[in-house]
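Each chain, written out:
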Amino acid sequence: MRQKLVAGNWKMHGNSQSIRELLAALTPAVAESAAEIAVIPPLVYVPLCVDLLAGSKLSIGAQTVSEQCDPGAYTGEVSAEMLADSGCHYVLVGHSERRSLYGENDALVAAKTEAALNAKVLPIVCVGETREQREAGETLKVVGRQLDVVLATLKSEHEKITVAYEPVWAIGTGLTATPEQAQEVHAFIRTQLAAHSAELADTVRILYGGSVKAANAAELFAQPDIDGGLVGGASLDAEEFAAICNAIG
Ligand code: 13P
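Residues numbered from 1 in each chain as written. Predicted model: local features only at pLDDT ≥ 70, side-chain atom pairs only at ≥ 80, totals over all residues. Heavy atoms only, no water.

Trainee: Which residues make up the overall build of the chain, and what values do they have?
Mentor: Scanning the chain from N- to C-terminus turns up 11 helices and eight strands. Taken over C-alpha atoms, the radius of gyration comes to 17 Å for the chain, in line with the 18 Å a tight globule of 249 residues would show. Judged by the C-alpha coordinates and their principal axes, the chain covers about 45 × 45 × 35 Å. Looking at the 249 residues of the chain, the share that counts as buried comes to 50%. A fraction of 73% describes how many contacts in the chain between residues 6 or more apart in sequence connect residues 24 or more apart. For the chain, the centre of its 18 positive side-chain charges and the centre of its 31 negative side-chain charges are spaced 2 Å apart. (Helix = DSSP H or I, 4+ residues; strand = E, 2+ residues; numbered from the N terminus. Rg over C-alpha atoms; globule rule 2.2 N^0.38 Å. Buried < 20%, exposed > 50% of the residue type's maximum accessible area, 1.4 Å probe, protein only. Contact = heavy atoms within 4.5 Å. Lys, Arg positive; Asp, Glu negative; His and termini not counted. Charge placed at Lys NZ, Arg CZ, Asp CG, Glu CD.)

Pasting the structure below:
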């Protein structure tokens, strides 16, 4: 049985005051949730979150990581070992905003995934198609290619990844994929994992992301191949995010 996961990607939002308020309200509100829960703050606030979440069931992730494993002259970069050392359990790789705004390609995403695993930080590998790609009937081809590069690059520990399907047209737009649209892509991803091994298909969690809200979470999470959510905007509101976490059955 895969443990469901709900992760809140705060993107570039918040400050120490707002984070204190958010976590003070969130922690008790999700104490009984059946889901595993993670928050993914901007990197500078990781130590604050580690402090505030000590003793709680919530874990912490980072939004990106360097593909470089060894220390060196990489100004501005943060290694996976540093993330692990700072208390990050997860890291997002291949988020569509990193791909579209910062030019991250499939090979770089695969290298970052490998770097994370080397340091025992669990990568959440994000995949998803743009609106134009969906309209051109290319959804499965695009998602398949994005995941294939990662699966083919890793030499081991494939079972430690989590996949997040985030259709780009649904991110921050209020347009959510219908549960049927999301399930279709999740089932496809599961088949792709099965081509690697049946055990991988059974083990790897596939999260849905893109305008997840309290109002649509239960229906999405009830789909057989949706193992939780990667939540953006709604994760900045304690009540809304707690309701999403508590929608896990
Ligand atoms: P929204 O939930 O704001 O659409 O963002 C989704 C996302 O990008 C999470 O990583």
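After that view, the rundown keeps rolling.
Trainee: Go over unusual backbone geometry with me, naming the residues and quoting the values.
Mentor: Even without being glycine, Lys120 reaches a positive phi, approximately 65 degrees. Tracing the sequence through the fold places Lys120 in the loop between helix H5 (106–118) and strand E5 (122–127). The class of Lys120 is exposed, set by a relative accessible area of 69%. Here the phi dihedral of Glu157 falls at roughly 65 degrees; this positive angle occurs in a residue that is not glycine.

Trainee: Can you explain helix H10 (residues 214–221)? Please cite residues and give values.
Mentor: Residues Asn216, Ala217, Leu220 and Phe221 constitute the buried set of H10. Axial view of H10: buried residues confined to an arc of 125 degrees, hence all on one face. Turned more than 90 degrees away from the buried face of H10 sit Ala215 and Glu219, all of them exposed. Packing partners of the buried residues in H10 comprise strand E1 (5–9), helix H8 (179–196), strand E7 (205–209), strand E8 (228–231) and helix H11 (238–245). (Arc of directions from axis to C-beta.)

Trainee: Please provide a residue-by-residue account of the site of the ligand, values included.
Mentor: Taken together, 13 residues sit near the ligand, with Lys11, His95, Gly172, Ser211 and Gly233 positioned nearest. Here an oxygen atom of the ligand and a side-chain polar atom of Asn9 are 3.0 Å apart. One nitrogen or oxygen atom from the main chain of Ser211 is found 2.8 Å from an oxygen atom belonging to the ligand. Its free accessible area being 310 Å², the ligand has 95% of it covered by the protein chains. Applying the majority rule of atoms within 2 Å of the grid points places the ligand in the second largest pocket. For the shell around the ligand, the residue count by class is four nonpolar, seven polar and two charged. (Near = heavy atom within 4 Å. Polar contact = N/O pair within 3.5 Å; in protein donor to acceptor, adjacent residues only side chain to side chain. Areas by Shrake-Rupley, 256 points an atom, 1.4 Å probe, with all protein chains shown as cover. 1 Å grid on protein atoms, 1.4 Å probe; cavity = no way out; pocket = protein on both sides within 12 Å on 5 of 7 lines; lining within 4 Å. Sits in = over half its atoms within 2 Å of the grid points. Nonpolar A, V, L, I, M, F, W, Y, C, P; charged D, E, K, R; others polar.)

Trainee: Kindly report on the side chain of Ser96, identifying the contributing residues and their values.
Mentor: Inspection of the secondary structure puts Ser96 in helix H4 (residues 96–102). A relative accessible area of 14% means that Ser96 is categorised as buried. Once residues within four sequence positions are removed from consideration, Ser96 is found in contact with Val168 and Ile171.

Trainee: Please give an account of the sheet that holds strand E6 (residues 162–165) that cites residues and values.
Mentor: Sheet architecture is closed into a barrel: eight strands sit in the order E1-E2-E3-E4-E5-E6-E7-E8, paired in parallel fashion. With strand direction ignored, the average angle separating the axes of adjacent strands in the sheet is 25 degrees. Note: E1 against strand E2 (residues 36–40), five bridges, orientation parallel. Each residue of the ladder has a partner; that of Ala7, found in E2, is Ala38. Sheet strands in contact with H5 are strand E4 (90–93) and E5, and its direction is about 160 degrees off that of E5. (Pairing = 2+ DSSP bridges. Axes fitted to C-alpha atoms, helices over the stretch in contact; angles between N-to-C directions.)

Structural measurements only, silent on function.
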